[in-house]
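Okay, here's what each chain looks like letter by letter:
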Amino acid sequence: MRDEEEEDGLWPEHQPAVEAFIAVQDQWRVVAGFGGAFWLGLDHAACEASLRLAGIAVTPALWAELRVIETGVKAVLNGS
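Residues numbered from 1 in each chain as written. Predicted model: local features only at pLDDT ≥ 70, side-chain atom pairs only at ≥ 80, totals over all residues. Heavy atoms only, no water.

What follows covers the packing of helix H2 (residues 44-53) against helix H3 (residues 60-77). Packing of H2 against H3 brings their axes to within 13 Å, and their N-to-C directions diverge by 125 degrees. Taken as axis vectors, H2 and H3 run oblique relative to one another. Judged by the twist between their axes, the crossing of H2 over H3 is right-handed. On H3, the residues touching His44, Cys47 and Leu51 of H2 are Trp63, Leu66, Arg67 and Glu70. Looking at the contact of H2 with H3 residue by residue, the classes come out as four nonpolar, one polar and two charged. (Axes fitted to C-alpha atoms, helices over the stretch in contact; angles between N-to-C directions. Helix = DSSP H or I, 4+ residues; strand = E, 2+ residues; numbered from the N terminus. Parallel < 35°, antiparallel > 145°, perpendicular 65-115°, else oblique. Left-handed = near helix turned anticlockwise from the far one by under 90°. Contact = heavy atoms within 4.5 Å. Nonpolar A, V, L, I, M, F, W, Y, C, P; charged D, E, K, R; others polar.)

Listed below in structure tokens is the structure:
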């Protein structure tokens, strides 16, 4: 039987950070060579413009959460 307090999906307090990441998910700095591609991280200047154009107000807390998501995604993209 399922625990009544167990929840699936995204916790509401994380939704703004996920929405911000979705707005900037195509703003990666990538180095490509004979060994393949290596994702360096998000282009922060491009992210600032993307977030502004999407109407997302960036607070220091939101930026910190976005950077945590960036770190996790970068590890996956680079095969870590």
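Let us look at the pairing of strand S1 (residues 28-33). With six bridges connecting them, S1 and strand S2 (residues 36-42) associate as antiparallel partners. Along S2, the bridge assignment pairs glycine 33 with glycine 36. Between S1 and S2, which pair antiparallel and follow one another directly, the connecting turn spans two residues. (Pairing = 2+ DSSP bridges.)

Considered for burial, the residues of helix H1 (residues 15-24) that qualify are Ala17, Ala20, Phe21 and Val24. Buried residues of H1, seen end-on, are gathered within an arc of 100 degrees and therefore sit on one face of the element. (Buried < 20%, exposed > 50% of the residue type's maximum accessible area, 1.4 Å probe, protein only. Arc of directions from axis to C-beta.)

Okay, a nonpolar patch on the surface next. On the surface, a cluster of nonpolar side chains totalling about 270 Å² of accessible area is made up of Val31, Phe38 and Leu40. Given a relative accessible area of 45%, valine 31 falls into the partly exposed group. (Patch = residues over 30% accessible without salt bridge, like charges linked within 9 Å, V, L, I, M, F, W, Y side chains within 5 Å. Areas by Shrake-Rupley, 256 points an atom, 1.4 Å probe, with all protein chains shown as cover. Salt bridge = Lys/Arg side-chain N within 4 Å of Asp/Glu carboxyl O.)

We now examine the environment of leucine 10. With respect to the secondary-structure elements, leucine 10 resides in the segment before H1. The class of leucine 10 is partly exposed, set by a relative accessible area of 44%. Linking leucine 10 and phenylalanine 21, residues eleven residues apart in sequence, is a C-alpha distance of 14 Å. With near-sequence residues (within four places) excluded, leucine 10 lies in contact with Gln15 and Val18.

Note that all results are geometric; they support no functional claim without further evidence.
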